[in-house]
Amino acid sequence: MTIDDPARPDTAEAPTTPDAAAASGGGKGTWSALRPLVLRLHFYAGVLIAPFLLIAAASGLLYALSFQAEKVVYAHELEVPVGDKVLPLSQQVHAATKVNPNGTVTAVWPSAEDGATTRVLMADPDVEEGKSLAVFVDPYTAEVRGQLPSYGGSGALPLRTWIDELHRDLHLGDLGRNYSELAASWLWVIALGGLALWIGRKRKNRRALLVPERGPKSRRRTLSWHGTVGLWAVTGLVLLSATGLTWSRYAGENIGAVQDQLGGATPTVSATLEGAAGGSSEHEGHGGGHQAPAAKGPDVGIDRIVEAARAEGIEGKTSVVLPSEGKGYVVKETDTQFPVHLDSVAVDPADGAVMDELRFADYPVLAQLTRFGIDAHTGVFLGLFNQLALAALALSLILLILWGYRMWWLRRPGRPVARGAWRKVPATMLLPLLAATALVGWFVPMLGISLLAFLVVDLALGLVARARSRA
């Protein structure tokens, strides 16, 4: 993760073994040919893309901390004194509908543990599109504890939703999503490029690779902290980049297409009633943005539906999605703690018979990995540990960027590797590299477009500098 600049060499370092010297670029191998090109790309990307990464890291840090903040801010809605007996779920839903008769119940999240409220999710005309109104009900007394907008499968409440939208699009809608996709597109390039530069650097011993140097403040010590922290964080940063791209606007479409081609699409339980038009159910058990009208017809009631699902092993933290026209109930586990419990069943509202079931173990491996990656990125895979790990990664990225800019400032007026570094790369390496770059640039459009812009700007600066030297 090194924003390096060899225009002026660092303070002298102790000589290394011949093998180490060759690995650091002192030899005539592949790395010595590629290093100037990697260094120049890392420098420019680090300087120009770092502001977007800094915003993403700072907002990501806030998001990682928002899970615990949510429990404090909304304690009244989320927690109740433990009572003697949990009331029937239908009675709790009835209490919610009495408080908000204009809302349409779309899903119910039964209380998953002692002292937790039940969430009754409603489609409400006064709630922003894509979100639901969550009515919090005391499962022991049916007292309504409050109503709040809720978003997504994790049930984000207003505080976390606001931070999530800040991280995703700066509250600018689709236009703002370009910033986060640009940051995610370059994060893995900058991280892996920095890793290569740091590992290939001359050093006295192996300890300097893993542990930052001590001593007086200097550019060399800043570089040591920048390199070692980047080394420890690189795996997490690359995973954040990859999972973030999965739901980006442009690269996300390409990733989804490849996933479908490989048979890794996420399956859904079929909730279509016999004789009804339509295919498999689109229910996701989120409750967020599900605006379909409630189905009309025979209904044995939500309590019988939950009993039928429990008989099929659907237990613990669950979501009950109410039937829409031509569909049955969908009851699914929503426990993302490892080992995850994400099985689901579809139940016929007329008689409580299970129509279809889907076990998470039966998901394609690629779909399972995708689910794990997205849940880890959003901080729900391993609970508090996941959130602390995200916070640590976000903080490390902030420090890496600040250290990078500090090194750039301390080295002024030095400049990066001289232009034309690509000409030093042998044709046998350059042609495959250009082909791979073009392919990646097409697959990750924000990376390809911005890289092309870098090249145009760099060429223009070179022409201006050449004209001035001749004047």
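So, here is what we can say about the structure in this document. Please read these numbers as outputs of a predicted model, since none were measured by experiment.

Parameters at a glance
Residues numbered from 1 in each chain as written. Predicted model: local features only at pLDDT ≥ 70, side-chain atom pairs only at ≥ 80, totals over all residues. Heavy atoms only, no water. Salt bridge = Lys/Arg side-chain N within 4 Å of Asp/Glu carboxyl O. Helix = DSSP H or I, 4+ residues; strand = E, 2+ residues; numbered from the N terminus. Buried < 20%, exposed > 50% of the residue type's maximum accessible area, 1.4 Å probe, protein only. Core = buried A, V, L, I, M, F, W, Y, C linked by side-chain atoms within 4.5 Å. Contact = heavy atoms within 4.5 Å. Phe/Tyr/Trp six-rings, centres within 6.5 Å; stacked < 30°, edge-to-face > 60°. Lys NZ or Arg CZ within 6 Å of the ring centre and 35° of its normal. Pairing = 2+ DSSP bridges.

1. Focus on the pattern of salt bridges
- For the coordinates displayed, the defined rule picks out 8 salt bridges.
- Residue Arg 359 pairs with Asp 343 through a salt bridge whose shortest N-O separation is 3.4 Å. Taken together, the residues span a long stretch of sequence, with Arg 359 in the loop between β8 (354-358) and α11 (365-377) and Asp 343 in the loop between β6 (329-333) and β7 (344-347) at a distance of 16 residues. Here Arg 359 matches Asp 343 in class, with each residue buried.
- Among the residues examined, Arg 359 registers a relative accessible area of 18% and is labelled buried.

2. Describing the nonpolar core
- Grouped together as the largest cluster of nonpolar side chains are 41 residues, with contacts concentrated most on Ile 49, Leu 53, Trp 186, Ile 190, Leu 237 and Leu 397.
- Considering every element that reaches this core, the biggest residue donor is helix α6 (residues 174-199), with 11 residues.
- Apart from the residues lying within four places of it in its own chain, the contact partners of Trp 186 are Leu 41, Ala 45, Ile 49, Met 446, Leu 447, Ser 450, Leu 451 and Phe 454.
- Membership of the second largest hydrophobic core comes to 23 residues, among which are Leu 133, Val 137, Ala 308 and Ala 309.

3. Quick word on the packing of aromatic side chains
- Counted according to the given criterion, the structure contains 11 aromatic pairs.
- Centroid distance Phe 360 to Tyr 363: 4.8 Å. Interplanar angle 55°. Geometry classified as tilted. Each member of the pair Phe 360 and Tyr 363 is classed as buried.
- Taken together, the ring pairs connect Phe 338, Phe 360, Tyr 363, Phe 372 and Phe 381 into an aromatic cluster.
- The ring of Trp 198 carries Arg 203 above its face, with NZ or CZ at 4.6 Å from the centroid.

4. Describing the environment of Val 330
- Note that Val 330 resides in strand β6.
- C-alpha separation for the pair Val 330 and Met 355, spaced 25 residues apart in sequence, amounts to 9.9 Å.

5. Digging into the pairing of strand β3 (residues 132-137)
- For β3, a buried count of 6 out of 6 residues is recorded, marking the element as mostly surrounded by other parts of the structure.
- The alternating pattern of β3 places Ser 132, Ala 134 and Phe 136 on one face and Leu 133, Val 135 and Val 137 on the opposite face, and all of these are buried.
- Where strand β2 (residues 118-123) meets β3, 5 bridges bridge the pair, whose relative direction is antiparallel. Bridge pairing links Met 122 to Leu 133 in β3.
- Where β3 meets strand β4 (residues 144-150), 6 bridges bridge the pair, whose relative direction is antiparallel. In the strand pairing of β4, Val 137 is matched with Val 144.
- Remark: 6 residues form the turn of the hairpin made by β3 and β4, two consecutive strands paired antiparallel; Ala 142 in that turn has positive phi of roughly 65°.

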